[in-house]
Amino acid sequence: MMTKIINWGIIGCGNVCEVKSGPAFNKVNHSNLVAVMRRNAEKVRDYAERHKVAHFYTDADQLIQSPQVNAIYVATPPSTHAQYAIAAMRAGKPVYVEKPMAKNYAECLAMNQVAKETGMPLFVAYYRRTLPGFLKAKQLIDENAIGRPLAANLHLTRPAKESEKNKSWRIDPSIAGGGIFYDLASHQLDLLDFLLGPITQAIGFTANNNPWYEAEDTISASFKFASGVVGSGTWSFVTHDKATRDSIELIGTQGSLRLSCFTPDPIQLITDKGTTEFPYLNPENIQYNLIKQVTESILQGKEAISDGISAARTNRVMEQIIKSIDQ
C-alpha cells in the first residue's frame with residue numbers, strides 16, 4: 001500500500017474502543033485515528049469529542065468512502081463484520097476486524113476470498129498472540145521446556161451476569177454466532193492455534209441451563225491438532241461463584257505449562273526441577289502490540305500474527321463444537 005501514514009476509521013465505537021483498542025491507534029508510529037462511526041448520533045459525537053477524533057458519522061458507508069480514511073477497524077458485533085469488512089476491502093482499504101472474525105465460518109471464507117480478490121490485507125483482533133505472557137509460553141514450548149507437547153486442557157467457568165438477563169447481543173446467536181462461548185472461548189481456541197498449531201478436528205456437546213436466554217451456556221469439547229496433540233475443554237457460564245476458573249494446561253513429555261487466558265496471572269512451568277513462575281505486564285491498551293504489528297504490516301509488509309486465515313480456523317473449530325458441522 002503506497003502510503004506513509006495510516007489514517008484509521010472505526011466502525012462501531014462501543015466499549016471495546018474506549019481503552020482496549022481506540023487510543024492505541026494514535027500511539028502507534030505513522031498511525032492516526034481520524035474518523036469514527038456509530039448509529040447513535042449522540043454517542044458517536046461524544047466519543048469523537050472525548051477522544052479528539054476529527055470526523056464522525058452515523059452511516060458506515062460514508063466512513064468507508066471517506067477520502068480521509070485509508071484503513072478500517074470494524075468493531076461492531078459479529079453479525080456485521082463480513083458486511084463492513086467486505087465493503088471496506090472493495091473500497092481499496094485494509095481491514096482490522098474484531099473477534100470472532102464473523103458470525104459463522106462461511107462468512108469468514110467470504111471475507112478471505114474478497115481479501116484475495118482485492119489484494120487488501122485482512123487482520124483479526126486476536127491480540128493475545130502479541131501479549132508478553134503468551135509470547136513467553138510460546139517461547140517455552142518452542143524451546144522444548146515441556147518436551148514434546150501431548151495434550152491441552154481448557155477450563156472456563158463463571159456465574160451468570162445480570163447484563164445477560166437484559167438480552168445482550170453476546171447471547172443472541174443471530175448476532176454473535178453463538179452464546180458467550182463465541183465471545184470468550186474464541187480467544188482461548190485462537191491462543192491454542194498460536195501455541196500448538198491448527199486444530200483439525202473437534203466435536204462438542206452443549207446444554208442450556210439459563211432461562212434468561214436460549215444459547216448454549218455449558219459446553220464440553222474434544223479436539224485434535226494437526227501435530228497429533230489432543231485437547232479438551234469445559235465451559236460454563238452459569239456456575240456458582242466458587243466454581244469460577246480460568247485455566248489452560250499444556251502437558252508435555254517433560255513438563256507442563258499452566259496459564260490463564262483472561263487474568264494476567266504468572267505463567268507456570270512445572271518440571272522435575274519444580275515450578276518456575278514468569279510474571280508479566282500487559283500494555284495499557286491491550287490491543288496496542290497487535291495494532292502496531294498491523295500498521296507495520298500495511299506500511300512495510302511485515303508479518304502480522306493474526307490474519308483472516310488463522311482467525312477463520314477458530315470460527316471453524318467453534319462451529320464444529322457447537323453445531324457439529326462436517327469434520
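These lines cover the structure that appears in this document, whether it is placed above or below. (Residues numbered from 1 in each chain as written. Predicted model: local features only at pLDDT ≥ 70, side-chain atom pairs only at ≥ 80, totals over all residues. Heavy atoms only, no water.)

Topic: the overall build of the chain
Each helix and strand counted, the chain has 10 helices and 14 strands in total. The C-alpha atoms of the chain give 20 Å as radius of gyration, which agrees with the globular expectation for 327 residues (20 Å, within 12%). When its C-alpha atoms are laid out on the principal axes, the chain stretches across 60 × 45 × 35 Å. In the chain, of all internal contacts separated by at least 6 residues, the share reaching a separation of at least 24 is 67%. Element-wise, carbon and sulfur atoms account for 50% of the exposed surface of the chain, whose accessible area totals about 14,700 Å². Here the chain contributes 34 positive and 32 negative side-chain charges, whose respective centroids are spaced 2 Å apart. (Helix = DSSP H or I, 4+ residues; strand = E, 2+ residues; numbered from the N terminus. Rg over C-alpha atoms; globule rule 2.2 N^0.38 Å. Contact = heavy atoms within 4.5 Å. Areas by Shrake-Rupley, 256 points an atom, 1.4 Å probe, with all protein chains shown as cover. Lys, Arg positive; Asp, Glu negative; His and termini not counted. Charge placed at Lys NZ, Arg CZ, Asp CG, Glu CD.)

Focus: the sheet that holds strand β3 (residues 55–57)
Strands sit in the order β3-β2-β1-β4-β5-β6 across an open sheet of six strands; the sheet is parallel. Of all the strands in the sheet, the pair left with one neighbour each is β3 and β6 (122–124). Averaged over all neighbouring strand pairs, the angle between strand axes comes to 25°, with direction disregarded. Against the sheet, helix α9 (residues 288–300) touches β1 (6–11), β2 (31–37), β5 (95–97) and β6, its axis set at about 125° to β1. (Pairing = 2+ DSSP bridges. Axes fitted to C-alpha atoms, helices over the stretch in contact; angles between N-to-C directions.)

Concerning the packing of helix α5 (residues 105–118) against helix α10 (residues 308–323)
Packing of α5 against α10 brings their axes to within 9 Å, and their N-to-C directions diverge by 165°. One finds that α5 runs roughly antiparallel with respect to α10. The two elements α5 and α10 cross, and the hand of that crossing is left-handed. Across the interface between the two elements, Y105, C108 and N112 from α5 touch G308, I309, A312, N315, R316 and E319 from α10. (Parallel < 35°, antiparallel > 145°, perpendicular 65-115°, else oblique. Left-handed = near helix turned anticlockwise from the far one by under 90°.)

Quick look at empty space enclosed by the protein
By the definition in use, this model includes one cavity of 30 Å³ or more. One number sums up the size of the largest cavity: a volume of about 40 Å³. Considering the residues around the largest cavity, the lining is formed by L189, D193, P198, I199, R313, T314 and V317. For the lining of the largest cavity, the residue count by class is four nonpolar, one polar and two charged. (1 Å grid on protein atoms, 1.4 Å probe; cavity = no way out; pocket = protein on both sides within 12 Å on 5 of 7 lines; lining within 4 Å. Points joined across faces, edges and corners; volume = space filled by probe spheres on them. Nonpolar A, V, L, I, M, F, W, Y, C, P; charged D, E, K, R; others polar.)

Quick notes on unusual backbone geometry
Along the chain, K99 connects to P100 via a cis peptide bond; the corresponding omega equals -10°. Within the element layout of this structure, P100 appears in the loop between β5 and α5. A positive phi is found at H30, a non-glycine position, where the angle reads about 65°. By secondary structure assignment, the location of H30 is in the loop between α1 (24–27) and β2. Unusually for a residue other than glycine, N144 sits at a positive phi of about 65°.

What to know about the environment of A151
Topologically, A151 is positioned in strand β7 (residues 149–157). Along the sequence, A151 and V229 sit 78 residues apart, while their C-alpha atoms lie 5.3 Å from each other. Those residues in contact with A151 that sit more than four places away from it in its chain are V229, V230, E249, L250 and I251.

Quick look at the layout of surface pockets
Of the volumes computed, that of the largest pocket is approximately 1,400 Å³. Around the largest pocket, the lining is made up of 50 residues, and of these N15, V16, A75, W169 and R170 lie nearest the centre. Breaking the lining of the largest pocket down by element, the ones donating at least two residues are α2 (41–50), α4 (81–90) and α8 (180–196). Taken together, the residues of the lining of the largest pocket sort by class into 21 nonpolar, 14 polar and 15 charged.

Here we look at the sheet that holds strand β13 (residues 267–271)
An order of β8-β9-β10-β7-β11-β12-β13-β14 is seen for the eight strands of this open sheet, with the pairing classed as mixed. Both outer strands of the open sheet, β8 (199–207) and β14 (274–278), are each paired with one neighbouring strand and no more. Each strand axis lies, on average, 15° off the axis of its neighbour in the sheet, ignoring direction. Bridge count for β8 against strand β9 (residues 218–225) is eight bridges, and the pairing is antiparallel. Paired with Q201 across the strands is K224, a residue of β9. Against the sheet, helix α6 (residues 132–142) makes contact with β7, β11 (245–252), β12 (256–259), β13 and β14, and its axis sits at roughly 175° relative to β12, the strand it touches most. Against the sheet, α8 engages β7, β8, β9, β10 (230–236), β11 and β12, with an angle of about 160° to β7.

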